[in-house]
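# Examination of the molecular architecture
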Amino acid sequence: MERLQKILAQAGVASRRKCEELILSGAVEVNGEPVTTLGTKADPAVDVITVNGRPIRSEKKIYVMLNKPKGVITSAKDPQGRKVVSDFLPGIKERVYPVGRLDYDTEGLLLLTNDGEFANLLTHPKHHVPKTYLATVKGVPHGTGLEQLQKGVMLEDGMTYPADVEYHDVNMDKNEATIRITIHEGRNRQVRRMFEAIGHKVTRLKRIRFGELGLEGLPRGKFRHLSEQEVKMLLNEARKSHKVQK
């Protein structure tokens, strides 16, 4: 017997948190009876479990890395008709969803999967898997500004964890700098807000690493499948980071 939200996530329905929302909304039934209580257990080998009237089924787990272009929505569909990440996954028939998000104007490394447990482990706040970005900003931050980011800055949703930052490039003619920054959280538009907090607007943002996984050799707009070793590496890193934070 397993908790219902875990069964749904493992079946590729959605991330565990989204599955919890589906349960609370009354969209999930077990043997014809609606279940709206989190923590309810079921046996997928015996019980008939449906979501919005459709029975769940186990899918082959897939894990892909996309080099997301700027101007693409991190979503399965967009009411405004803008490009979405699934437009860049030709040949993938499974319904995959992003592990975390990159906003419309941010490019770079985006993981997608149909493994809800994998997605939950990598995005849960307690795990603090590091993510590295190249942020091009207006003006050239002084060392004291970068030191603020290294110590943590106060945002409207609280103090950030210390970040690792270093100069990547400085263009005095354009009065701009590119900073390599590694954060250990996943707040909405966090990197942009951190630089705004020290007085520098981000004009370009690219995620280049997720944990130890990098974009090397993957062209913009293209994807590749992760190897079994890479999947294990990410999971181990998430578990390790959780232990370190305790």
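Up top is the structure.
This section reports on the structure supplied with the text. (Residues numbered from 1 in each chain as written. Predicted model: local features only at pLDDT ≥ 70, side-chain atom pairs only at ≥ 80, totals over all residues. Heavy atoms only, no water.)

### A closer look at the overall build of the chain
Inclusion rule: Only DSSP runs of H or I reaching four residues or more are called helices, and only runs of E reaching two or more are called strands; each is numbered from the N terminus. Within these notes, the globule rule equals 2.2 Å times the number of residues to the 0.38 power, and the radius of gyration is based on C-alpha atoms. Each residue is assigned to one of three classes by its accessible area relative to the maximum for its type, calculated with a 1.4 Å probe on protein chains only: buried under 20%, partly exposed between the two thresholds, exposed over 50%. Working rule for contacts: check all heavy atoms of both residues, and any pair within 4.5 Å makes them a contact. Shrake-Rupley sampling with a 1.4 Å probe provides the accessible areas, and residues are treated as covered by the protein chains on show and by no other component. For this count, His and the chain ends are skipped, Lys and Arg are scored as positive, and Asp and Glu as negative. Taken as the charge location is NZ of Lys, CZ of Arg, CG of Asp or CD of Glu.
Across its full length, the chain carries 6 helices and 17 strands. Over its C-alpha atoms the chain spans a radius of gyration of 20 Å, differing by no more than 12% from the 18 Å that the globule rule assigns to 246 residues. Projected onto the principal axes, the alpha-carbon positions of the chain cover approximately 65 × 40 × 35 Å. Counting only residues that meet the buried cut, the chain has 48% of its 246 residues in that class. Put simply, 65% of the contacts in the chain that link residues at least 6 apart link residues at least 24 apart. Within the structure as shown, the chain displays about 13,300 Å² of accessible surface, and the carbon and sulfur contribution to it stands at 48%. Each charge class in the chain was averaged separately, 41 positive and 31 negative side chains, and the resulting centres sit 2 Å apart.

### Let's talk about the sheet that holds strand E2 (residues 28-30)
Each strand in a sheet pairs with its neighbour through backbone hydrogen bonds, running either in the same direction (parallel) or in the opposite one (antiparallel). Our working definition: Strands are treated as partners if at least two bridges between them are detected by DSSP.
Taken in spatial order, the 4 strands make up an open sheet running E3-E2-E5-E6, and their pairing is antiparallel. Unpaired on one side and paired on the other, strand E3 (33-34) and strand E6 (54-55) mark the two borders of the sheet. Looking at chain direction, E2 and E3 are connected through 2 bridges and run antiparallel. Within E3, the residue paired with Glu29 across the bridge is Pro34.

### Thoughts on the packing of aromatic side chains
As a reminder of what qualifies: Any Phe, Tyr or Trp ring, taking Trp's six-membered ring, that has another such ring centre within 6.5 Å forms a pair; planes under 30 degrees apart are called stacked, those over 60 apart edge-to-face, and the others tilted. The rule for a charge over a ring is simple: NZ of Lys or CZ of Arg within 6 Å of the ring centre, and within 35 degrees of the ring normal.
For the coordinates displayed, the defined rule picks out 1 aromatic pair. Summarising the aromatic geometry, the rings of Tyr63 and Phe118 are spaced 4.8 Å apart at their centres and angled 70 degrees between planes, so their arrangement reads as edge-to-face. Placement of Tyr63 in strand E7 (residues 63-68) and of Phe118 in helix H3 (residues 116-123) is noted, with a sequence separation of 55 residues between them. Taking the relative accessible area as the measure of exposure, Tyr63 reaches 16% and is therefore buried. Geometry around Tyr104 places Arg82 over its ring, the cationic atom sitting 5.2 Å from the centre.

### Digging into the layout of surface pockets
Put simply, the rule reads: Using protein atoms alone on a 1 Å grid, points that fit a 1.4 Å probe yet trap it form a cavity, whereas open point sets bounded by protein on both sides within 12 Å along at least five of seven lines form a pocket; residues with an atom within 4 Å of a point count as lining. Grid points are joined across faces, edges and corners, and a volume is the space filled by probe spheres set on the points. Classification used: nonpolar for Ala, Val, Leu, Ile, Met, Phe, Trp, Tyr, Cys and Pro, charged for Asp, Glu, Lys and Arg, polar for all others including Gly.
For the second largest pocket, the calculated volume is near 310 Å³. Around the second largest pocket sit Ala11, Gly12, Val13, Val51, Asn52, Arg54, Pro55, Ile56, Arg57, Glu59 and Arg95, which together line it. A breakdown of the residues in the lining of the second largest pocket according to their chemical character gives 5 nonpolar, 2 polar and 4 charged.

### Some points on the pairing of strand E13 (residues 164-171)
In terms of strand pairing, E13 meets strand E14 (residues 176-183) through 7 bridges, oriented antiparallel. Counted as the bridge partner of Asp164 is Thr182 from E14. Taken together, E13 and the strand that follows it, E14, pair antiparallel across an intervening segment of 4 residues, in which Asn175 is found at a positive phi of about 55 degrees.

### Points about the side chain of Asn114
As a reminder, the rule being used: Definition of a polar contact: a pair of N or O atoms within 3.5 Å, with one able to donate and the other able to accept a hydrogen when the atoms are protein atoms, and with sequence-neighbouring residues admitted only if both atoms are side-chain atoms.
Looking at where Asn114 falls in the secondary structure, it is placed in the loop between strand E9 (106-113) and H3. Polar side-chain contacts of Asn114 include one of 2.8 Å to the backbone oxygen of Lys60. Engagement of the side chain of Asn114 in a polar contact is seen with the backbone nitrogen of Ile62, the distance being 2.9 Å. Setting aside its immediate chain neighbours within four residues, Asn114 contacts Ala9, Gly12, Glu59, Lys60, Lys61, Ile62, Glu94, Arg95, Val96 and Tyr97.

### Some points on unusual backbone geometry
Phi angles above zero are rare outside glycine, and Asn31 is one such case at about 55 degrees. Take Asn31: it is sitting in the loop between E2 and E3. Looking at Asn31, the relative accessible area reads 47%, which means it is partly exposed. Positive phi outside glycine occurs at Arg189, with the angle close to 50 degrees. As for its placement among the helices and strands, Arg189 is situated in the loop between E14 and helix H5 (190-197). For Arg189, a relative accessible area of 38% puts it in the partly exposed group.

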